[in-house]
Amino acid sequence: MQEAIAIDLVEVAPFKTLAVRTGMTPDKSGTRVAWSKLTAQVPLDDTRLTDWPSAYVFIPQEQWSKKVDTLWVGLAVREFGDVPDGIETLEVSGGLCVSARVYGNEAHMWRVYEAIFAWLEQSPDYEIDRRHGVLGMETVPLEPLNALTIPYSEIETFNFKMLYPIRKKSS
């Protein structure tokens, strides 16, 4: 049976994050290493953190058309405050995003990626915003299970939301 993949348009409010930059690694460990570095400097009980328990993986959207090789792993904060060494500040501009939820095995995750990019390709009105500095994001819940603490190869259920900024197509 073909699963339904819901693709939505959502408005994302601007926000700030403290983040660690990483690269794409063949074993997909880069985000896990970045998460460890981030939480060693910005613990989950840091008073700057916003109330919703999610981590973010940020993707420079200009890289979607070639090879994605830069990512950041971050936590949303009310203010930057004192920024520890090795931590970067990112300001997410927010705006209209195309969104889809991933909740399933790795094959399901890849089907959701295919569906969201097929939707973008077929949309008469919208395209992914690939301008320099625009960040797409994937929200990773920290509860009941934080996937950033589990080796990629051991994840049975991928659980995150894709949020990729879009803009009106120019006619």
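Details of the structure are given in the entry above.
Residues numbered from 1 in each chain as written. Predicted model: local features only at pLDDT ≥ 70, side-chain atom pairs only at ≥ 80, totals over all residues. Heavy atoms only, no water.

Comments concerning helix H2 (residues 106-122)
Working step 1: The terminal C-alpha atoms of H2, which comprises 17 residues, lie 24 Å apart, in line with the 24 Å expected from a rise of 1.5 Å per residue.
Working step 2: Buried residues of H2: His 108, Met 109, Val 112, Tyr 113, Ile 116 and Leu 120, and no others. Buried residues of H2, seen end-on, are gathered within an arc of 150 degrees and therefore sit on one face of the element. Relative to its buried face, H2 has exposed residues pointing more than 90 degrees away, namely Glu 114, Glu 121 and Gln 122. (Helix = DSSP H or I, 4+ residues; strand = E, 2+ residues; numbered from the N terminus. Expected span 1.5 Å × (residues − 1). Buried < 20%, exposed > 50% of the residue type's maximum accessible area, 1.4 Å probe, protein only. Arc of directions from axis to C-beta.)

Side note on the layout of surface pockets
Working step 1: There is about 660 Å³ of room inside the largest pocket.
Working step 2: Lining the largest pocket are 26 residues, with Met 24, Met 109, Trp 110, Tyr 113 and Glu 138 positioned closest to its centre.
Working step 3: Of all the secondary-structure elements, those providing two or more residues to the lining of the largest pocket are helix H1 (30-41), strand E3 (54-60), H2, strand E8 (135-141) and strand E9 (158-168).
Working step 4: If one sorts the elements of the lining of the largest pocket by residue count, H2 sits on top with five residues.
Working step 5: Of the residues in the lining of the largest pocket, the class split is 17 nonpolar, five polar and four charged. (1 Å grid on protein atoms, 1.4 Å probe; cavity = no way out; pocket = protein on both sides within 12 Å on 5 of 7 lines; lining within 4 Å. Points joined across faces, edges and corners; volume = space filled by probe spheres on them. Nonpolar A, V, L, I, M, F, W, Y, C, P; charged D, E, K, R; others polar.)

Description of the pairing of E3
Put simply, side chains in a regular strand alternate between the two faces of the sheet.
Working step 1: Of all seven residues in E3, seven are buried; the element is thus mostly enclosed.
Working step 2: Going residue by residue along E3, you find Ser 54, Tyr 56, Phe 58 and Pro 60 tucked away on one face and Ala 55, Val 57 and Ile 59 tucked away on the opposite face as well.
Working step 3: Here seven bridges tie E3 to E8, and the two strands are oriented antiparallel to one another. Within the sheet, the bridge partner assigned to Pro 60 lies in E8 and is Leu 135.
Working step 4: When E3 meets strand E4 (residues 70-77), the two strands line up antiparallel, connected through three bridges. Residue pairing in the sheet places Tyr 56 in a bridge with Gly 74 of E4. (Pairing = 2+ DSSP bridges.)

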